[in-house]
Amino acid sequence: MVNLLDFNETGLIRFCQEAGEKPYRAKQLLRWMHQFGQSEFAEMSDLAKGFRSKLAALAMIQPPTIVSDHTASDGTRKWLLSTGASNAVEMVFIPEPNRGTLCVSSQVGCALACSFCSTGRQGFNRNLTAAEIIGQLWWANKLLRANGDEAVSTGEPASASRAVTNVVMMGMGEPLANFDNLVIALDLMLSDYAYGLSRRRVTVSTSGLVPAIDRLRERCPVALAISLHAPNDALRDHLVPINKKYPIQTLLAACERYLPAAPRDFVTFEYVMLDGVNDSVEQARELVRLVRNIPCKLNLIPFNGFTASGYRRSKTAAISVFRDVLMQAGIVTTVRKTRGDDIDAACGQLAGQVQDKTRRTRVRAAIDTEITG
């Protein structure tokens, strides 16, 4: 049986035609699954009984299973979702007065081994399917609606209203390393028959897979965020090892190519603030020189610690001085507010459960030894 959550509109039209049904049935199915959160074919009242019986025999609507659900003191909510074989991923909902942002995972673990990221320390098992990616949004809207947590009125019937207004692909994994499944999920996020989000409200964050940035520009250009974290190659090689393959100037050139197709007129550079590592005034000035000719916004992220990370969060005063150097140079700069850290839901803390199939955990230990001397 096929999981219909794996299909965007094009795939669902093909499925319906192969089942002997008209293409418009795909739009009906999309609305029932994604706008109304329905997983039972018998409840899809405007579908012919014969079609519902056919669906029950051929297909299923199966999101990942919720394992746990925790809410932080600030209202941030984190779910652990089983992906089988003793693996699980995490997703996080961040409520704000005028929006609800869902941080979505794309892989079980991550193979890129960024040294300051809890997920990277877990190793890598596999890519999530399109159903497992979009299933996170499916669950979040369903569970939050059940709690009456609609963040923004959408003008739709209450049963089809949205609690999640923004999606950031910043959870576990490197989204662009799971490109084919990612773009199917993005199609559904953007579809008026599914979640109806604007391209400006969907952000893909990448550590810098340059060829995939170019592919995203051509296939589904949404808002782009780059995990930069260093103002030069020498430091970034240590913090973000993929930099050895795609160094900073190569990455920045890809950003410039992306911008003409982007829904926003800037790229966001994310920069985690690590005490004594990348937070000096001179490094701020170096960062200014690096990005000043690229339309961008800098998002400074206070480091969120985890066991045996080997790093400390930059002092508040150092973050403020770093921000001021950037802003005085005319670069729009924000400091991300830490949310959900009391339930390990803050940026860089997501870990889930990963049965590592790589040598990444051992490689990471060797890199840590090199950094700390």
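For the structure, check the block above.
A brief look at the structure comes next. Note that the structure is a prediction, hence the values are computed from the model and not measured. All residue numbers here refer to positions counted from 1 along the written sequence of the relevant chain. The predicted origin of the model limits local features to residues at a pLDDT of at least 70 and limits the giving and counting of side-chain atom pairs to 80 or more, whereas totals for whole chains, interfaces and linings rest on all residues. Remark: hydrogens and water are excluded; side-chain values derive from all non-hydrogen atoms of the structure.

**Regarding the pairing of strand β12 (residues 267–273)**
Our working definition: Here the term buried applies to any residue with accessible area under 20% of the maximum for its type, exposed to any over 50%, and partly exposed to those in between, with areas from a 1.4 Å probe on protein chains only. In DSSP terms, a helix is any run of H or I states spanning at least four residues, a strand is any run of E spanning at least two, and both are numbered starting from the N terminus. Two strands are said to pair when DSSP picks up at least two bridges between them. Think of it like this: strands point away, you trace from the first strand over the helix to the second, and a clockwise trace means the crossover is right-handed.
Of all seven residues that make up β12, seven are buried, and the element is covered over most of its length. The side-chain alternation of β12 yields two buried faces, one formed by V267, F269, Y271 and M273 and the other by T268, E270 and V272. Relative to β12, strand β11 (residues 223–227) runs parallel, the two being bridged by three bridges. What sits directly across from I226, in β12, is F269. In this view, the connection linking β12 to its parallel neighbour strand β13 (residues 296–302) by way of helix α10 (residues 281–291) has right-handed handedness.

**So, the packing of aromatic side chains**
The geometry of an aromatic ring pair comes down to the distance between the two centres and the angle between the two planes. Counted only if it meets this: Between the rings of Phe, Tyr and Trp (Trp by its six-membered ring), a pair exists once the centres lie within 6.5 Å; its type follows the angle of the planes, with under 30 degrees stacked, over 60 edge-to-face, and the other angles tilted.
Counted according to the given criterion, the structure contains six aromatic pairs. Considering the side-chain rings of W138 and W139, the 5.1 Å spacing of their centres and the 85° angle between planes classify their relative orientation as edge-to-face. As far as the burial class goes, W138 and W139 line up, both buried. Site record: aromatic cluster; members linked through ring pairs are F303, F306 and Y311.

**Side note on the nonpolar core**
Applicable threshold: Think of a nonpolar core as a cluster: buried Ala, Val, Leu, Ile, Met, Phe, Trp, Tyr and Cys residues, connected wherever their side-chain atoms sit within 4.5 Å. Note on contacts: a residue pair is in contact if any heavy atoms of the two residues lie within 4.5 Å.
In terms of nonpolar packing, the biggest core is built from 106 residues, with L4, L29, F116, L186, M189 and F269 touching the most fellow members. L29 has contacts with L4, L12, C16, M44, L47, F51 and L55, leaving out every residue within four places of it along the chain.

**A closer look at the pattern of salt bridges**
Heads up, the rule is: For salt bridges, the criterion is a side-chain nitrogen of Lys or Arg within 4 Å of an Asp or Glu carboxyl oxygen.
Tallied over the full model, the rule gives 15 salt bridges. Close ionic contact of E21 with K54 constitutes a salt bridge, the shortest N to O distance being 3.0 Å. Of this pair, E21 sits in the loop between α1 (9–18) and α2 (24–35) while K54 sits in helix α3 (residues 49–58); the two residues are 33 residues apart in sequence, bridging distant segments of the chain. Where R219 meets D187, a salt bridge forms, and the shortest distance between an N and an O atom there is 2.6 Å. With R219 in helix α7 (residues 210–219) and D187 in helix α6 (residues 179–190), this residue pair connects regions lying 32 residues apart in the sequence. Connected through salt bridges with shared partners, the residues D214, R217, E218 and R257 form a single ionic network.

**What to know about unusual backbone geometry**
Backbone geometry places S86, a non-glycine residue, at a positive phi of 65°. What makes S86 exposed here is its relative accessible area of 55%. Despite not being glycine, A113 shows a phi value in the positive range, around 60°. Mapped onto the fold, A113 is located in the loop between β7 (107–109) and α4 (118–121).

**Some remarks on α10**
For clarity, the cut-off: Comment: arc refers to directions from the helix axis out to C-beta atoms.
Here α10 has its buried residues at Q283, A284, L287, V288, L290 and V291. Seen from one end, α10 has its buried residues packed into an arc of 165°, which puts them on one side. Where α10 is buried, its residues contact α8 (233–239), α9 (248–258), β12, β13 and α11 (316–328).

**A word on the sheet that holds strand β10 (residues 202–206)**
Convention followed: Interaxial angle, 0 to 180 degrees, is taken between N-to-C directions of lines fitted to C-alpha atoms, where a helix line uses only the stretch in contact.
Read from one edge of the open sheet, 10 strands run β3-β4-β5-β6-β9-β10-β11-β12-β13-β14, paired in mixed fashion. Looking at which strands have only one partner, the edges of the open sheet turn out to be β3 (65–71) and β14 (332–335). Averaged over all pairs of adjacent strands, the angle between their axes in this sheet comes to 20°, without regard to strand direction. Inspection of the sheet shows strand β6 (residues 99–103) paired to strand β9 (residues 166–169) by three bridges, in the parallel sense. Paired with C103 across the two strands is V168, which belongs to β9.

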